[in-house]
Amino acid sequence: MSEVLLKAEGVGKRFGGFVALHQVDIELRAGERLGLIGPNGSGKSTFVNCISGDFAAHDGKVTLGGAVLDGLKPHRRARLGLARTFQLPQPFGSLSVLENVRVPVLFAGQAPSATARALECLEQVELAGKADCLPKELTQVELRRLELARAIALNPKLLIADEAMAGLSNAEVDQIIALLFRLNAAGTAIIMIEHIMRAVTAFAERLVVFVAGRKIADGPPRAVLALRDVEDAYLGR
Ligand code: ADP
Ligand code: MG
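Cut-offs applied
- Residues numbered from 1 in each chain as written.
- Chains lettered and ligands numbered in written order.
- Predicted model: local features only at pLDDT ≥ 70, side-chain atom pairs only at ≥ 80, totals over all residues.
- Core = buried A, V, L, I, M, F, W, Y, C linked by C-beta atoms within 7 Å.
- Buried ≥ 20, exposed ≤ 12 C-beta atoms within 10 Å, placed from the backbone.
- Helix = DSSP H or I, 4+ residues; strand = E, 2+ residues; numbered from the N terminus.
- Contact = placed C-beta atoms within 7 Å.
- Near = placed C-beta within 6 Å.
- Nonpolar A, V, L, I, M, F, W, Y, C, P; charged D, E, K, R; others polar.
- Pairing = 2+ DSSP bridges.
- Axes fitted to C-alpha atoms, helices over the stretch in contact; angles between N-to-C directions.

Caption draft 1: Quick peek at the nonpolar core. In this structure, Leu 122, Ala 149, Leu 180 and Met 192 are the most contacted members of the largest nonpolar core, which totals 69 residues. Per-element tally for this core: the top contributor is helix α6 (residues 170-185), with six residues. Aside from chain neighbours lying at most four places away, what touches Ala 149 is Val 101, Cys 121, Leu 122, Gln 124, Val 125 and Leu 127.

Quick look at the structure:
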């Protein structure tokens with residue numbers, strides 16, 4: 001078994017009086033492929049935002065590779081090896097596709113040539129041909145690939161992909177799955193948050209299910225999907 005990479009213990013988040021996350025525990029090993037599923041509003045993105053530092057959690061403790069993340073700003077967590085994509089891609093609109101990837105490459109600060117490394121990231125997502133375009137000239141799947149290239153540019157130990165396939169065709173979904181597999185084969189642990197069950201079951205070696213801000217299941221996909229609670233709450237049967 002590889003070592004523990006991410007350890008989230010008792011992560012809780014409230015919005016006013018509303019509890020969006022109830023003391024969630026999740027542990028992830030280096031190089032693992034985890035699927036995180038649950039109905040709309042079950043707290044998946046809130047969990048990601050608490051892990052990435054985009055939200056301040058109210059409770060809990062999070063470590064990545066042994067480093068305590070609590071209280072750190074998102075950029076500090078990124079430097080420790082945590083990358084996330086947003087449900088709605090958030091490129092810099094006035095920068096070219098290449099420049100959009102050069103920014104995180106420069107931030108990660110490990111490449112001898114930022115331009116060469118940015119192009120390499122674009123090649124990984126098959127977007128090098130659009131390097132000089134502006135984000136507004138990209139299709140939806142290209143925007144999602146750009147979002148992934150910007151995450152890859154950080155050389156992450158953990159990538160959290162929050163609904164990176166929403167609105168894509170079957171063929172496009174397959175392309176993104178293949179891309180995530182390649183990234184994982186190179187050693188990056190991945191948390192895939194996805195409504196497209198075909199994608200989750202093809203990709204994940206472990207599934208976590210959230211319902212109403214609670215983790216209700218955690219285990220091998222086949223076993224988790226067979227649980228009565230998961231059927232009732234998530235699949236609506
Ligand atoms: P999911 O990603 O599983 O669809 P979210 O984490 O986005 O769910 O949302 C969980 C709950 O928290 C929802 O009820 C949502 O309305 C609420 N919520 C999320 N973000 C905010 C916010 N910034 N302010 C207030 N409520 C929020
Ligand atoms: Mg969400």
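Past the structure itself, the notes keep going.
Caption draft 2: Seen up close, the site of ligand 1. Taken together, the neighbourhood of ligand 1 is formed by Phe 15, Ala 20, Gly 38, Asn 40, Gly 41, Ser 42, Gly 43, Lys 44, Ser 45 and Thr 46. It is helix α1 (residues 44-52) that provides the largest number of residues to the shell around ligand 1, a total of three residues. Class assignment for the residues of the shell around ligand 1 results in two nonpolar, seven polar and one charged.

Caption draft 3: Structural detail: the environment of Pro 74. Relative to the helices and strands, Pro 74 is located in helix α2 (residues 74-79). Sequence separation of Pro 74 and Arg 84 is 10 residues, and the distance between their C-alpha atoms is 9.9 Å. In contact with Pro 74, not counting residues within four places along its chain, are Ser 52, Gly 53 and Asp 54.

Caption draft 4: Highlighting the sheet that holds strand β9 (residues 206-211). In space, the six strands of this open sheet follow the order β6-β7-β8-β3-β9-β10, with mixed pairing throughout. On the outer flanks of this sheet lie β6 (82-85) and β10 (214-219), each paired with one strand and no other. For this sheet, the mean angle separating the axes of adjacent strands, direction not counted, is 15 degrees. Sheet topology note: the β9/β10 ladder contains five bridges and is antiparallel. Residue pairing across strands places Val 209 opposite Ala 217, the latter belonging to β10. In the packing of α1 onto the sheet, contacts are made with β3 (33-37), β6, β7 (158-162), β8 (189-193) and β9, and the angle to β7 comes to roughly 150 degrees. Across the sheet, α6 is in contact with β3, β7 and β8; its angle to β8 comes to roughly 155 degrees.

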